[in-house]
Amino acid sequence: MTAFDSTALHPDTLAVRQAVPRSQFGEHSEALYLSSSFVQPDAATAARRFAGEEEGYTYTRTANPTVTSFEQRLAAMEGTQAAVATASGMSAILLVCLALLKAGDHVVCSQSMFGSTMKLIGGELARFGVQSTFVPQTDVAAWRAAVRPETRLLFAETPTNPLTELCDIRALADIAHEAGVLLAVDNCFASPALQRPAEMGADLVIHSGTKFLDGQGRVMAGAVCGPHALIEEKLAPLIRSAGMNLSPFNAWVVLKGLETLSIRMQAQSAHALAIASWLESHPAVRRTFYPGLASHPQHELAMRQQSGVGGAVVSFVVGGAEAAAARASAFHVIDSTRICSITANLGDTKTTITHPASTSHGRLTDAQRSAAGIGQGLIRLAVGLEHIDDLKADLARGLDSLK
Ligand SMILES: *Cc1c(COP(=O)(O)O)cnc(C)c1O
């Protein structure tokens, strides 16, 4: 229902243009429909719309025009037929699991996934009889070996938080499809500006809109993108019953964020590459993790899979052989910054700095943390748009004074 043929346009154009049609007022910026229900012209029309026989908005838990604009725009950018928006990234993951899995089913995931994802799939869903196997992120053979007759879903996240390890999306799609199961990819870190998993065979693409899609650290949001048959027939109906909707206000904020996603990702990734190269040569830094560096073990795959760009997240390790000493060094670097924000969010125009072992990955067991390679000396930097020289000086203050 757009005035143009969206199939003929590039993602950059759709990122600013794709939306539901303008209202009778001709607003240029997309309208914010902050309304929980929609007035019906007559009882018979209401009956047809509630029965799903006729298009038309009824109640915002079912659908809302501002939310539809966000869904259409994100689907266009990911190159999928459809998308469904959710209240947060975690509710998008919950939605996929609730819609596609039942007791006795099995999921294969990476052992380096986002901490809450591991808690949800390995912990909460286990209470409902869903089994899971967590395999090393980069080991394609381990993914293949973990598939069982009860497997229904392979779930990957690439690159990962915080170590920026990659999955080969095409290779995992082949494994999934040979076994007749689905591949879901959490595309939060690269975003469709750099990586379009559906083009590489992923069946579902999952987003935390809270990160780069909003891009300015304002609202929580999530989404799942995929084919009509999965999104409209399996996922969206479950939202109507379960209510993990995205609010229209948050949808509007993220919708506007999508307009600048591509230029933000390019600029923030360029800053991240400059910082990563500088960190790599700093004597106090033991190791730097960034897919855009030639030293990254999967640099070539990253360049192929992520449009030749490394992304905006850099992690690095500071010294101390003992865990306590490494932690003290990391805390010293973090506490010496004056510009970087000590906050767990990422994907913001403001650079954020965190100590994963005690924050985002603090709820994991020691065994899970060491399997994920997250030590006490590790620092994660989600690079924003501040001037590069100011960011370097901010980090140098702590690094140069490490003993
Ligand atoms: C933040 C994040 C999520 C969860 O998203 P929320 O919007 O915080 O619920 C999921 N996956 C990844 C990779 C994330 O970084």
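Computed from a prediction, not measured in an experiment: that's the story for all the values here.

## A word on the packing of helix α3 (residues 65-78) against helix α10 (residues 248-258)
Between α3 and α10, the least distance of the axes is 8 Å, while the angle of their chain directions is 35°. Classified by chirality, the crossing of α10 by α3 is left-handed. Counted together, Thr66, Val67, Ser69, Phe70, Arg73, Leu74 and Met77 of α3 and Pro248, Ala251, Trp252, Val254, Leu255 and Leu258 of α10 form the full contact between these two elements. When grouped by side-chain class, the residues that make up the contact of α3 with α10 number 10 nonpolar, two polar and one charged.

## Some points on the packing of aromatic side chains
For the structure shown, the criterion picks out one aromatic pair. Ring geometry for Phe38 and Tyr57: centres 5.6 Å apart, planes at 45°, overall tilted. Of the two residues, Phe38 is situated in the loop between α1 (11-17) and α2 (43-50) and Tyr57 in the loop between α2 and α3; the sequence distance between them amounts to 19 residues.

## Comments concerning helix α5 (residues 115-124)
Here α5 has its buried residues at Gly115, Thr117, Met118, Leu120 and Ile121. Tucked inside the fold, the buried residues of α5 contact α4 (89-100), β2 (106-110), β3 (131-135), β4 (151-157) and α14 (366-371).

## Re the domain arrangement of the protein
As assigned here, the protein comprises domain 1 (6-258) and domain 2 (261-399). Between the C-alpha centres of domain 1 and domain 2 there is a distance of 27 Å. Facing 39 residues of domain 1, the contacting portion of domain 2 comprises 40 residues. Where domain 1 abuts domain 2, roughly 3,200 Å² becomes buried across the two surfaces, and 59% of that area is made up of carbon and sulfur atoms.

## Considerations on the pattern of salt bridges
Tallied over the full model, the rule gives 15 salt bridges. A salt bridge links Glu259 to Arg73, with the nearest nitrogen and oxygen atoms 2.9 Å apart. One end of the pair, Glu259, is in the loop between α10 and α11 (261-280); the other, Arg73, is in helix α3, with 186 residues separating them in the sequence. Among the salt bridges present, the one from Asp394 reaches Arg397, with a minimum N-O distance of 3.0 Å. A residue pair is termed a helical-turn pair when its members lie 3 or 4 positions apart in one helix, as Asp394 and Arg397 do in helix α15 (residues 388-399) at three residues. On the basis of relative accessibility, which here comes to 0%, the residue Asp394 falls in the buried class. Bridged by salt links that share partners, the residues Glu30, Arg73, Lys256 and Glu259 form one connected network.

## A look at the pairing of β4
Here β4 lies mainly inside the structure; six of its seven residues are buried. Bridging between β2 and β4 involves four bridges; their strand directions are parallel. If you follow His106 over to β4, its bridge partner there is Thr151. Relative to strand β5 (residues 182-186), β4 runs parallel, the two sharing five bridges. The residue bridging Ala156 from the neighbouring strand is Val185, located in β5. At this point the chain moves from β4, through helix α7 (residues 169-178), to the parallel β5, and the crossover so formed is right-handed.

## Comments concerning the sheet that holds β4
Within the open sheet, the seven strands sit side by side as β1-β7-β6-β5-β4-β2-β3. Their pairing is mixed. Every other strand in the sheet has two partners, leaving β1 (82-86) and β3 as the edge strands with one partner each. Sheet twist, expressed as the mean angle between neighbouring strand axes with direction ignored, is 20°. Alignment of β1 against strand β7 (residues 222-226), held across five bridges, turns out to be antiparallel. Across the sheet, the residue bridging to Val84 is Val224, located in β7. Across the sheet, α7 touches β4 and β5, and the angle it forms with β5 is around 150°.

## Observations regarding the UniProt feature "modified residue: N6-(pyridoxal phosphate)lysine" (unreviewed entry) in the protein
UniProt's feature table lists "modified residue: N6-(pyridoxal phosphate)lysine" (unreviewed entry) at Lys211, given in the numbering used throughout. Within the fold, Lys211 resides in the loop between β6 (204-208) and β7. Residue classification places Lys211 among the buried residues on the basis of a relative accessible area of 12%. Look past the residues within four positions of Lys211 in its chain and what remains in contact with it is Phe114, Cys188, Asn345, Leu346 and Gly347.

## Quick look at the site of the ligand
In the vicinity of the ligand lie 13 residues, with Gly89, Asp186, Ser208, Thr210 and Lys211 positioned nearest. A distance of 2.6 Å separates an oxygen atom of the ligand from a polar atom in the side chain of Thr210. Contacts to the ligand include Lys211, whose side-chain N or O atom sits 2.7 Å from an oxygen atom. Taking 380 Å² as the accessible area of the ligand by itself, protein coverage stands at 93%. In the shell around the ligand, the residues fall into six nonpolar, four polar and three charged.

## Some words on unusual backbone geometry
Pro159 follows Thr158 through a cis peptide bond whose omega is -10°. Along the chain, Pro159 turns up in the loop between β4 and α7. Cis peptide bonds are those with omega within 30 degrees of zero, and the linkage from Asn161 to Pro162 qualifies with 0°. One can find Pro162 in the loop between β4 and α7. One non-glycine residue with positive phi stands out, namely Ser191, at about 65°. Turning to its location among the elements, Ser191 is positioned in helix α8 (residues 191-194).

Rules behind the numbers
Residues numbered from 1 in each chain as written. Predicted model: local features only at pLDDT ≥ 70, side-chain atom pairs only at ≥ 80, totals over all residues. Heavy atoms only, no water. Axes fitted to C-alpha atoms, helices over the stretch in contact; angles between N-to-C directions. Helix = DSSP H or I, 4+ residues; strand = E, 2+ residues; numbered from the N terminus. Left-handed = near helix turned anticlockwise from the far one by under 90°. Contact = heavy atoms within 4.5 Å. Nonpolar A, V, L, I, M, F, W, Y, C, P; charged D, E, K, R; others polar. Phe/Tyr/Trp six-rings, centres within 6.5 Å; stacked < 30°, edge-to-face > 60°. Buried < 20%, exposed > 50% of the residue type's maximum accessible area, 1.4 Å probe, protein only. Domains from an automatic or database assignment. Buried area = accessible area lost by both parts, 1.4 Å probe. Salt bridge = Lys/Arg side-chain N within 4 Å of Asp/Glu carboxyl O. Pairing = 2+ DSSP bridges. Right-handed = clockwise from strand over helix to strand, strands pointing away. UniProt positions renumbered as here; feature names shortened; annotations may be inferred. Near = heavy atom within 4 Å. Polar contact = N/O pair within 3.5 Å; in protein donor to acceptor, adjacent residues only side chain to side chain. Areas by Shrake-Rupley, 256 points an atom, 1.4 Å probe, with all protein chains shown as cover.

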